[in-house]
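Coordinate analysis (summary)
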Amino acid sequence: MFKTLTRSMLTAMACGGAVAGGAIGLSLVFGAPSGIWPAIAGGTLAAALLGGLAATIIMRSTAAFHTRLESTHTAEAVAAAPRWLRPTARTLVGCLDRLGAREEAWRTRERDLEIRTRVAEAGREQAEAVLAVMNEAVLVVNPFNELVMANDAAGTLLGFDASNTQGQSLATLVNDSTLRRIISETLEGACTSTRQAELMLDATEHSDAVACEVMVGCIRDGKGRPSAAVAVLHDLTREREIAQMKSEFVSKASHELRTPLSSMRACVEMLVDGEADDTATREEFYSIIQSETERLSRLVDNMLNISRIEAGIIEIDRAAVDLRTIIEQAMRAIEPQARERGQTLHVEAAPVDLHVNGDHDMLQQVVVNLLSNAVKYTPEGGRISVIADSDNLARCVHVAVQDTGLGIPPDDVERIFEKFYRVENYKRVAKGTGLGLNLCRHIVETVHGGQIGLESTLGMGSRFWFTVPMGTVEAAKAAA
Amino acid sequence: MSTHMTYQPSILVVDDESHIQHVVSLKLRNAGYLVETAADGEEALHAIAARIPDLIVTDLQMPYLDGIGLCRALLDSPDTNEVPVIVLTARGYALGEEAVELPNVSAVLSKPFSPRAILDVVSDICQIREKAA
């Protein structure tokens, strides 16, 4: 660019020489007395010729200089210029050098700026991507209380469209006055450290009232003045729900633990105080202590097993397991209790492969629990059947325990697998931990990926069933 | 203790846990009280309809009609609204409050309880009533 400029400048200088020569001639012509016209005419011609000659010389010299300048080093170019032009050329070359250096600096600065812009854009995109996937709501507000940036979570929590709110006033977007106040105070520089508070955001058209924790920090410029406030809101709903569930669980568990403990403590105290004075009462108290100890122990085992399964830390001894064998073993275990109540036990297992890939002991516990419930809630002389078959379409083995017992009221059917849920009016019929069916559901569904359910008619009986995915042929062969 | 008693106060023990019902009854009978039992609030109301006891010892959580329901039912009738009630609860500290607020509840005992403690509370209440009478 600057070399083109140089060429024009040199050309202009050469032309200027020619014009100057001509002008000298003309000034001589118009300034001369009238008697000397022929001489003047000759002189003018000579001056014009001289000017033209000078212009030609300058043109040639500068062209040569320019050619040198373009093709060689500037010092050589200056040396190549005619002597009388060298100071000018030198000045020109100096200017050119400075201009070149400045051009280079500009280019560097331009590249630098472009890189910085790209880095900043990438950073912003990255930050926006991070903010977009965050569960926490994030708001950035400028000192004019206008929204600079907000992620989708903020839009959802505070009830505005996060993609279309930049530059809008915080007052129009955020209803909660506490949140607005904290942000304003932060921007006014009232607080130097990050502020933390708990808020209860009012219910909106789309959501219920939400409890949340807010942290507001301040971004400062080079002079330490607040340039933006960043508010991060954490929705506490789920944590509150979990805390509530935990508290309910502990409350129910402690109730269930206290009940057998009460009987045990009372019986022991009576024995110690010698208040059970006849042998029959003493034996009864010993028996109560024994049965309640077993109940307590079962309760603790069930609680631990459920909690281990829920936490995903239970050891699962997975192998090819034949449900036919499991049913036979469970039947043998429950047979004395059924016999005592005059109940009949039946097995109706289809002559098909009943292998599944699972944990033998856990699956046996499911069958024993279902059978034990059937025995407990079926009147004396009732009939209890275990039906097993495989479903090749659904690739699972299906087991059902059917009784002719009390049945379950329709309102309780939905909740029967919940922890500590017991049909209130059946509590007197039999003692239980309230965890047996919940454990069955965990073993079948969480551990084995099967399904558990029931059909029941009040007064007619219940049919509890579960399915477990079939074992692979290889696993079945290995077990055979 | 029974030998010192001139009047045998009658006590109704209400609990759906048969073991507890049995142990509390025995403790009180041994101390010379007349004891009747019921397995839930509804059964208790039937027993009370036949004979109003001097004192009731009841569990809080029971089927059909729970301890709170029983206390409220007693308050509804002028014949029974002055019968003192001792509540036994396995619910722990937080949930006995509802029972404590009822005017006929004289004491709340947490399970696991001591039969001795029940007897102490029962005899205190009976003595106060005897003096008042």
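A quick note: this is a predicted structure, and the numbers were derived from the prediction, not measured.

1. Observations regarding the overall build of chain A
Tallying secondary structure elements over chain A gives 14 helices and 12 strands in all. Among the 480 residues that make up chain A, the fraction classed as buried is 29%. The contacts of chain A with a sequence gap of at least 6 include a subset with a gap of at least 24, amounting to 60%.

2. What to know about the packing of helix α1 (residues 18-30) of chain B against helix α5 (residues 115-132) of chain B
All names here are of chain B. Where α1 contacts α5, the axes come no closer than 10 Å and their chain directions differ by 55°. In terms of orientation, α1 lies oblique with respect to α5. Considering the relative orientation of α1 and α5, their crossing is right-handed. Note on element contacts: α5 touches α1 through Pro115, Ile118, Leu119 and Val122, opposite Val23, Val24, Lys27 and Leu28. In the contact of α1 with α5, the residues fall into 7 nonpolar, no polar and 1 charged.

3. Focus on helix α3 (residues 67-76) of chain B
Gly67(B), Ile68(B), Leu70(B), Cys71(B) and Leu74(B) are the residues of α3(B) that are buried. Taken around the axis of α3(B), the buried residues stretch over an arc of 160°, which confines them to a single face.

4. As for the sheet that holds strand β2 (residues 147-150) of chain A
Residue and element names in this part refer to chain A. As summarised here, the arrangement of the 5 strands in space is β2-β1-β5-β4-β3, forming an open sheet in which the pairing is antiparallel. Two strands bound the open sheet, and with one partner strand each, they are β2 and β3 (195-201). Shown here is a sheet whose adjacent strand axes are inclined to one another by a mean of 25°, direction ignored. With 5 bridges connecting them, strand β1 (residues 137-141) and strand β5 (residues 226-235) associate as antiparallel partners.

5. Quick notes on the packing of helix α9 (residues 279-311) of chain A against helix α13 (residues 436-447) of chain A
Residue and element names in this part refer to chain A. With their axes 10 Å apart at the nearest point, α9 and α13 run at an angle of 30° to one another. By the criterion of interaxial angle, the relationship of α9 to α13 is roughly parallel. Crossing of α9 against α13: the hand is left-handed. Each of Asn302, Asn305, Ile306 and Ile309 in α9 lies in contact with α13, whose residues at this interface are Gly436, Asn438, Leu439, His442, Thr446 and Val447. For the contact of α9 with α13, the residue count by class is 4 nonpolar, 6 polar and no charged.

6. Focus: the environment of Asp152(A)
Residues and elements named next belong to chain A. If you trace the backbone, Asp152 turns up in helix α5 (residues 152-158). Here Asp152 falls in the partly exposed class, since 16 other C-beta atoms lie within 10 Å of it. Residues Asp152 and Ala132, spaced 20 residues apart in sequence, show a C-alpha to C-alpha distance of 6.2 Å. The contacts of Asp152, once residues within four sequence positions are left out, are Ala132 and Ala162.

7. So, the pairing of strand β11 (residues 451-457) of chain A
Residue and element names in this part refer to chain A. Relative to strand β12 (residues 461-469), β11 runs antiparallel, the two being bridged by 7 bridges. Across the sheet, residue Gly453 finds its bridge partner in β12, namely Trp465. Taking the residues that link successive antiparallel strands as the turn, the β11-β12 hairpin has 3 residues, and the phi of Gly459 there is positive, at about 85°.

8. A look at the interface of chain B and chain A
Taken together, the contact between chain B and chain A spans 20 residues of the former and 20 residues of the latter. Of all the secondary-structure elements, those providing two or more residues to the side of chain B that touches chain A are α1 and α5 of chain B. It is α1(B) that provides the largest number of residues to the side of chain B that touches chain A, a total of 6 residues. Residue composition of the side of chain B that touches chain A, grouped by class: 10 nonpolar, 4 polar and 6 charged.

9. Let's talk about the pairing of strand β3 (residues 55-59) of chain B
Residue and element names in this part refer to chain B. Most of β3 sits inside the fold, with 5 of its 5 residues counted as buried. Residues Leu55, Val57 and Asp59 line one face of β3 and the alternating positions Ile56 and Thr58 line the opposite face, and both faces are buried. Relative to β3, strand β1 (residues 10-14) runs parallel, the two sharing 4 bridges. Paired with Leu12 across the bridge in β3 is Ile56. Direction of pairing for β3 relative to strand β4 (residues 85-89): parallel, over a ladder of 4 bridges. Paired with Val57 across the strands is Ile86, a residue of β4. Considered for its hand, the β-α-β crossover made up of β3, α3 and β4 is right-handed.

10. Notes on the environment of Ala49(B)
All names here are of chain B. By secondary structure assignment, the location of Ala49 is in helix α2 (residues 41-50). A residue is classified by how many C-beta atoms lie within 10 Å of it, and Ala49, with 11 of them, is exposed. Counting along the chain gives 31 residues from Ala49 to Thr80, while the straight-line C-alpha distance between them is 9.5 Å.

11. Here we look at the sheet that holds β1(B)
All names here are of chain B. Read from one edge of the open sheet, 5 strands run β2-β1-β3-β4-β5, paired in parallel fashion. In this open sheet, the two edge strands, each paired with only one partner strand, are β2 (34-38) and β5 (105-110). The mean inter-strand angle of the sheet, taken between neighbouring strand axes irrespective of direction, is 20°. In this structure, β4 lies alongside β5, joined through 5 bridges in parallel fashion. Opposite Val85, over in β5, you have Val105 as the bridge partner. Lying over the sheet, α2 contacts β1, β2 and β3, oriented at roughly 160° with respect to β1.

About the criteria used
Along each chain, the written sequence defines residue order, and numbers are assigned to residues from 1. A letter from A marks each chain and a number from 1 marks each ligand, given out in the order of writing. For this predicted model, a pLDDT threshold of at least 70 governs which residues receive local features, and a threshold of 80 or more governs which side-chain atom pairs are given and counted, while totals over whole chains, interfaces and linings are taken from all residues. Runs of H or I in DSSP of at least four residues are treated as helices and runs of E of at least two as strands, each being numbered from the N terminus. Here a residue counts as buried when 20 or more other C-beta atoms fall within 10 Å of its C-beta, as exposed when 12 or fewer do, and as partly exposed in between; the C-beta atoms come from the backbone. Our contact criterion uses C-beta atoms placed from the backbone: two residues qualify when those atoms are within 7 Å. To define axes, lines are fitted to C-alpha atoms, for helices over the stretch in contact only, and angles between the resulting N-to-C directions are given on a 0 to 180 degree scale. Any angle that is under 35 degrees is reported as roughly parallel, and any over 145 degrees as roughly antiparallel; angles of 65 to 115 degrees are reported as roughly perpendicular and all others as oblique. When the near helix sits turned anticlockwise from the far one by under a right angle, the crossing is termed left-handed; a clockwise turn instead gives a right-handed crossing. Each residue is assigned to one class: nonpolar for Ala, Val, Leu, Ile, Met, Phe, Trp, Tyr, Cys and Pro, charged for Asp, Glu, Lys and Arg, and polar for all the others, Gly among them. This arc describes the spread of directions from the helix axis toward the C-beta atoms. Here, a strand pair is defined by DSSP locating no fewer than two bridges between the strands. We call a crossover right-handed when, viewed with both strands directed away from the observer, the connection leading from the first strand over the helix to the second proceeds clockwise.

By themselves, these are just geometric observations and shouldn't be taken as functional.
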